[in-house]
Amino acid sequence: MKNRNFLLMFAILLGLSFGFASCEKEKTDGPIIPDTSNIAGEYTENVELKASEDYKLDGAMVIKNGATLTIPAGTRITAKAGTISYIAIAQGAIIIVEGTADNPVVMTADKSGFGQWGGLVICGKAPINSGEGGLSEVGNLPYGGTDAADYSGSIRYLRLEYTGYQYNDEKQFNGVSFFGVGSGTTVEYVSSYKGNDDGIEFFGGTVNASYLVSIESQDDGIDFADGWSGTGMYWYAKNSKKSAVEGSNNGDNGGATPLTTCSISNVTLDVMGEKPWFLKEGAGKQTIDNVVLGGLTNLDKTPYFYISSNDTDAQGLASNGDIKITNVKFVDVDEEDEFDSNLISISKNENATGAGNGIDAPKWAEGWSTPNK
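Described below are features of the structure shown in this document. Note that the structure is a prediction, hence the values are computed from the model and not measured.

1. Digging into the packing of aromatic side chains
- Using the criterion set out here, one finds 19 aromatic pairs in the structure.
- Judged by centre distance (4.4 Å) and plane angle (5°), the ring pair of Tyr 189 and Tyr 211 falls under stacked. Within this pair, whereas Tyr 189 is found in strand S15 (residues 186-193), its partner Tyr 211 is found in strand S17 (residues 209-215), the two being separated by 22 residues in sequence.
- Look at Phe 202 and Trp 228: their rings are 5.0 Å apart centre to centre, the planes differ by 20°, and that puts the pair in the stacked class. On the criterion of sequence distance, the pair formed by Phe 202 in strand S16 (residues 200-203) and Trp 228 in the loop between strand S18 (222-225) and strand S19 (231-240) is long-range, its members being 26 residues apart. Each member of the pair, Phe 202 as well as Trp 228, carries the same accessibility label: buried.

2. Some details on the environment of Leu 343
- Assignment of secondary structure puts Leu 343 in the loop between strand S25 (323-330) and strand S26 (346-348).
- You can call Leu 343 partly exposed: its relative accessible area is 30%.
- Considered as a pair, Leu 343 and Gly 316 are 27 residues apart in the sequence and their alpha carbons are 9.3 Å apart.
- Leaving out residues up to four positions away in the same chain, Leu 343 has contacts with Ile 307, Gln 315 and Ala 318.

3. Describing the environment of Gly 153
- Counting through the fold element by element, Gly 153 comes out in strand S13 (residues 153-161).
- We classify Gly 153 as buried; its relative accessible area is 0%.
- Separated by 28 residues in the primary sequence, Gly 153 and Val 181 have C-alpha atoms spaced 9.7 Å apart.
- Leaving out residues up to four positions away in the same chain, Gly 153 has contacts with Ile 94, Ile 95, Ile 96, Gly 184, Thr 185 and Thr 186.

4. A closer look at the nonpolar core
- In this structure, Leu 69, Leu 120, Phe 202 and Phe 305 are the most contacted members of the largest nonpolar core, which totals 69 residues.
- Among the elements that make up this core, the one with the highest residue count is strand S21 (residues 261-272) (5 residues).
- In contact with Phe 202, other than residues within four places in its own chain, are Phe 178, Val 207, Ala 209, Leu 212, Ile 222, Asp 223, Phe 224, Ala 225 and Trp 228.
- Val 62, Ala 88, Ile 128 and Phe 179 belong to the second-largest nonpolar core, a separate cluster that totals 13 residues.

Rules of the game
- Residues numbered from 1 in each chain as written.
- Predicted model: local features only at pLDDT ≥ 70, side-chain atom pairs only at ≥ 80, totals over all residues.
- Heavy atoms only, no water.
- Phe/Tyr/Trp six-rings, centres within 6.5 Å; stacked < 30°, edge-to-face > 60°.
- Helix = DSSP H or I, 4+ residues; strand = E, 2+ residues; numbered from the N terminus.
- Buried < 20%, exposed > 50% of the residue type's maximum accessible area, 1.4 Å probe, protein only.
- Contact = heavy atoms within 4.5 Å.
- Core = buried A, V, L, I, M, F, W, Y, C linked by side-chain atoms within 4.5 Å.

By themselves, these are just geometric observations and shouldn't be taken as functional.
The structure is reproduced here in structure tokens:
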């Protein structure tokens, strides 16, 4: 009897010890699955969110070097409105957004309206022309380097709403900010809805970006600068308060190298406050094809493809043929109001399709790119 009791007790203790070992292994070897009540904090290990959950964000969520943030389809992240809440992917970290057209990943705020929270910041190691040791304008994270093929992850079917929180007197967030992100990164089907600054912006880097949407941006719809060298295909911007697209080289030195060098095609821009396509601050080398342009809300006789009269760097590139604009269609714009820039030769094509559906929202943007009404 005593022996049986002893063996029973030994078996129980042995089972418990294996149980504890198993729990400890699961805790340390698997990804962190944060509580839904607030996912803010700095993470040095992999983080995995659960599908179809609604996670709260009050503060900064920073994924550090070596860690990966995975967000499955249908996940929703809701930031506390009126706070400096944002998601940042540091150099060497990775973000995987696995949304679908029927089930996108949504990053939003608990109150609708412009500028309710920060947005998404991604920092890579690809070249920039704004100097060594750059720090992101919000978050103060290093970005830029020499790895043109740098990998920061994959983003597909992501919608951001009500971004653009005013960080300080001079800086505020965009919907998504790509700081020196490399060409190894996938960016497809990304939408910014009612952002208080730019919808989507590229600060240098070499990442390619397709199927971008910006709706009701309070500044520019899609912006690139600081030596961005990439390809853009299928961009749609509507109701941008300023320019629908702003393409720059460098704000401090219009001739800084590496020059912004990009090829952008299949674009629809409709209803802008000013300068539909602003070739700014040196502009860089831009090849632009298959564009459909709608009207301006402020008809101030600004060329639809605009270069400032004192921007000698951009003027020089235009004169050399380094800015090429082909297959442009104007919709609901009187011919005398097209205001083509006299610095650039623009070829028109009444059969241009833009982002895929003429002046109307493209079919590929349906369902996921704006909130359900």
